[in-house]
Amino acid sequence: CVGCVWVFGEAIGVALDELYFNEDLIMMYQSHESLWNHRRFLCYLLVKMYNIDCIKEALMNNERRVSTKLLKCNDLYVKKHVLWLQTALCIPIKLL
């Protein structure tokens, strides 16, 4: 149905917007584990609810970019996040 496709696309857009907003918050409030937990929730939501290869690939590329950018200031949290992505969501991400 056409309405279902619109709602599906809108929901993905909201989740992605929240992911980008979360990145900004992590930059402003470094070392806040709750922000990383929320990020993991958003990643889980995108992968499990929208089990589409293009979503998983886009998420992998985005998380690699974010993790590499934040590695120096949030070393422990980034490493935990990457390990979680690898084990829980089977996203083959490696830090550069």
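Along each chain, residues carry numbers from 1 onward, in the same order as the chain's sequence is written. For this predicted model, a pLDDT threshold of at least 70 governs which residues receive local features, and a threshold of 80 or more governs which side-chain atom pairs are given and counted, while totals over whole chains, interfaces and linings are taken from all residues. With hydrogens and water stripped out, all remaining heavy atoms of the structure feed into the side-chain values.

Colleague: Before we go on, may I ask you to explain the overall build of the chain in this structure?
Modeller: When helices and strands are tallied, the chain shows four helices and zero strands. For helices the rule is a DSSP run of H or I covering at least 4 residues; for strands it is a run of E covering at least 2, with both sets numbered from the N terminus onward. Sequence-ordered secondary structure for the chain, helices as α and strands as β, is α-α-α-α. Against the globule reference of 12 Å for 96 residues, the chain gives a C-alpha radius of gyration of 14 Å, in line with a compact fold. Burial here depends on accessible area, computed with a 1.4 Å probe over protein chains only, as a share of the maximum for the residue type. Under 20% is buried, over 50% is exposed, and the range in between is partly exposed. Burial status across the chain gives 34% buried among its 96 residues. The contact definition used throughout considers only heavy atoms, calling two residues in contact when any of these lie within 4.5 Å. Across the chain, every contact between residues at least 6 apart in sequence was considered, and the portion connecting residues at least 24 apart equals 67%. As displayed, the chain offers around 5900 Å² of accessible surface, 64% of which is attributable to carbon and sulfur atoms. Counting rule applied: Lys, Arg positive; Asp, Glu negative; His and chain ends not counted. Taken as the charge location is NZ of Lys, CZ of Arg, CG of Asp or CD of Glu. Positive and negative side-chain charges in the chain, numbering 11 and 10 respectively, have mean positions lying 9 Å apart. Each radius of gyration reported is based on C-alpha atoms, and the globular scaling rule is 2.2 Å times the count of residues to the power 0.38. Per-residue accessibility takes into account occlusion by the displayed protein chains alone, with areas from the Shrake-Rupley method and a 1.4 Å probe.

Colleague: Please explain the nonpolar core as it appears in this structure.
Modeller: A general trend in soluble globular proteins is that nonpolar side chains are found buried together. By convention a nonpolar core is built from buried Ala, Val, Leu, Ile, Met, Phe, Trp, Tyr and Cys residues, the set being connected through side-chain atoms within 4.5 Å. Within the largest apolar cluster, 24 residues are counted, with the highest numbers of intra-cluster contacts made by Leu46, Leu59 and Ile91. Taken together, the elements giving at least two residues each to this core come down to α1 (2–28), α2 (33–49), α3 (53–70) and α4 (75–88).

Colleague: Sorry if this is basic, but what is going on with the environment of Leu25 here?
Modeller: The topology assignment puts Leu25 in helix α1. Leu25 sits 36 residues away from Asn61 along the chain, and the two C-alpha atoms are 19 Å apart.

Colleague: Is there a simple way to explain α4 in this structure?
Modeller: One turn of an α-helix holds 3.6 residues; hence residues three or four places apart share an orientation. Over its 14 residues, α4 runs 20 Å from end to end, which matches the ideal 20 Å to within 8%, given 1.5 Å per residue. Close packing links the buried residues of α4 with α2 and α3. Just downstream of α4 lies Cys90, where phi reads positive at about 55 degrees. Residue count minus one, scaled by 1.5 Å, sets the expected span of a helix.

Colleague: Just checking my understanding: could you explain the pattern of salt bridges for this structure?
Modeller: Two side chains with opposite charge may pair up if their charged atoms get near one another. The term salt bridge refers to a pairing of a side-chain nitrogen on Lys or Arg with a carboxyl oxygen on Asp or Glu at a separation within 4 Å. Taken as a whole and assessed by the stated rule, the structure comprises five salt bridges. Two residues, Glu33 and Lys80, come together in a salt bridge whose shortest N-O distance is 2.7 Å. Here Glu33 is found in helix α2, whereas its partner Lys80 is found in helix α4, with 47 residues between them in sequence. The class of Glu33 is partly exposed, set by a relative accessible area of 33%.

Colleague: Explanation requested: the side chain of Glu63 in the structure shown.
Modeller: In this fold, Glu63 is placed in helix α3. Setting aside residues no more than four positions away along its own chain, Glu63 makes contact with Leu19, Arg39, Cys43, His81, Leu85 and Ile93.

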